[in-house]
Amino acid sequence: MRPSIRLGRIFGIDIGLHYSWFLIALLIMLSLAAHFQAVNPQWSVGLRWSLAAVTGLLFFASILAHELSHAAVAKARGIPVRSITLFALGGVANIEKESSDAESEFWMAIAGPITSLVIGFLFLGIARAAGWQAESGTPPAPLWAGLVWLGYINVALALFNMIPGYPLDGGRVLRAIIWGINHNLVRATRMAADVGQFIAITFIVFGFFRFFYSGAFGGLWLAFIGWFLSDAAAASRATAEVTVALEHVRVGDVMSQDCPAIEGNINLRTFAEDYLLRTGRRWFVVIQNGRQLGLVTINELRRTDRNRWSFTTVADIALPLDRLRTVSPDTYLTTALEVMAQENVIQLPVISNGELAGVISRNNIVQFMETQQELAGEGVGRSRAA
Ligand SMILES: [Zn+2]
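This structure is a prediction, so every number in the text was calculated from the model and none was measured.

Caption draft 1: Examining the packing of aromatic side chains more closely. Applying the stated rule across the entire model yields 12 aromatic pairs. Geometrically, the ring pair formed by Phe-59 and Trp-149 is edge-to-face, given 5.6 Å between the ring centres and 70° between the ring planes. Within this pair, whereas Phe-59 is found in helix H2 (residues 45-76), its partner Trp-149 is found in helix H4 (residues 145-161), the two being separated by 90 residues in sequence. No difference in accessibility class separates Phe-59 from Trp-149, as the two residues are buried.

Caption draft 2: Region of interest: the coordination of the zinc ion. Taken together, His-66 (NE2), His-70 (NE2), Asp-169 (OD) and Asp-169 (OD) make up the full set of protein donors to the zinc ion, lying 1.9 to 2.7 Å away. Mapping the donors of the zinc ion onto the primary sequence yields the spacing H-x3-H-x98-D. Taken together, the residues His-70 in helix H2 and Asp-169 in helix H5 (residues 169-182) connect sequence positions 99 residues apart. The class for His-70 is buried, based on a relative accessible area of 7%. Note on Asp-169: relative accessible area 8%, which makes it buried.

Caption draft 3: The arrangement of the sheet that holds strand S1 (residues 5-10) in detail. One open sheet accounts for 4 strands, arranged S1-S2-S3-S4; its pairing is mixed. Only two strands of the sheet have a single neighbouring strand rather than two, namely S1 and strand S4 (90-95). When strand polarity is set aside, the average angle formed by the axes of neighbouring strands in this sheet is 20°. In this sheet, strand S3 (residues 81-87) lies alongside strand S2 (residues 13-17) in parallel orientation, the contact comprising 4 bridges. Within S3, the position partnered with Asp-14 by the bridge is Ser-83. Along the sheet, helix H1 (residues 20-39) makes contact with S1, S2 and S3, crossing S3 at roughly 45°. The sheet contacts of H2 involve S1, S2, S3 and S4, and relative to S3 the element is tilted by about 160°.

Reading guide: rules and limits
- Residues numbered from 1 in each chain as written.
- Predicted model: local features only at pLDDT ≥ 70, side-chain atom pairs only at ≥ 80, totals over all residues.
- Heavy atoms only, no water.
- Phe/Tyr/Trp six-rings, centres within 6.5 Å; stacked < 30°, edge-to-face > 60°.
- Helix = DSSP H or I, 4+ residues; strand = E, 2+ residues; numbered from the N terminus.
- Buried < 20%, exposed > 50% of the residue type's maximum accessible area, 1.4 Å probe, protein only.
- Donors = N, O, S within 2.8 Å, 3.2 Å for Na, K, Ca; no water.
- Pairing = 2+ DSSP bridges.
- Axes fitted to C-alpha atoms, helices over the stretch in contact; angles between N-to-C directions.
- Contact = heavy atoms within 4.5 Å.

Coordinates in, geometry out; function isn't part of it.
Here it is in structure tokens:
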């Protein structure tokens, strides 16, 4: 999920908000204000709303702490974390790759619910120390109404996240356990995603049932969460299927070996007019004295002042091969896909013995998979992805 608004950085991780967050923030403020009015009718409007705002902010801070704890374990285990995004249903930490072992996955997944549980009991503990008595329910007057609400909501968050449906934290824990037993990440993901799918459907059915028979809006909410979970589980399963299909395939089997070349002494005006415009290609290998100097793309051309195009050669602006993020023909396709996602590119140069051997692009991989599916008797007549 791409954040719509950047909030800042914590421990080198970008923190962002998705637009859907504002909707849920408003709903939570409204329901908190209503809750405070119900338990403390004597409060002024100003007090009720400011406490609702403070409590709401502390709630989102607790979700952020939950996500940061996932990120902290990931980082400690050497898995890079790019960003954390808060959205309508909580938060997501965008962790750049899968854990390399079941144990890391287990601790990474369980860190969030543990954090929520600790925060929950901390809030309840503070409320209790301030005089709140659980036995008498939410107290009529004192200021710790917000603390009690935060305590319960964080405990509920921990329990909800421990539901064993992948990709919820509990599902990740389940997957880590299966993975630890069968040593097969893909099969573990499939099984955890199937459990997730089953739980999601149960949520939807039960949610609609509650809504239609008791008119409870909580039922609709449950069905909505179920629908979201079902979507996420299906996407995880699809990723697992792709991983199976590509498991033993290497870059060299799929890459395009067609590398258009350009002489290093050609100036940028000729490059733009006779090469880029005429061929429609976006990159060329620069050759000088019979050896490859690097790559030149439309981006390097754009960065060069147009007035200097006639006096600048492609050799001047070429990107040396050793400064590019590249893969080798022996790299597994799944690794190449991970690198593309990390670098946010759709193709990568393939280097063999210091020379450009070809290019691997997402299109190559899509076409390869479609051919495989057609050979397997499936996907006949499917339209080709561009
Ligand atoms: Zn979590």
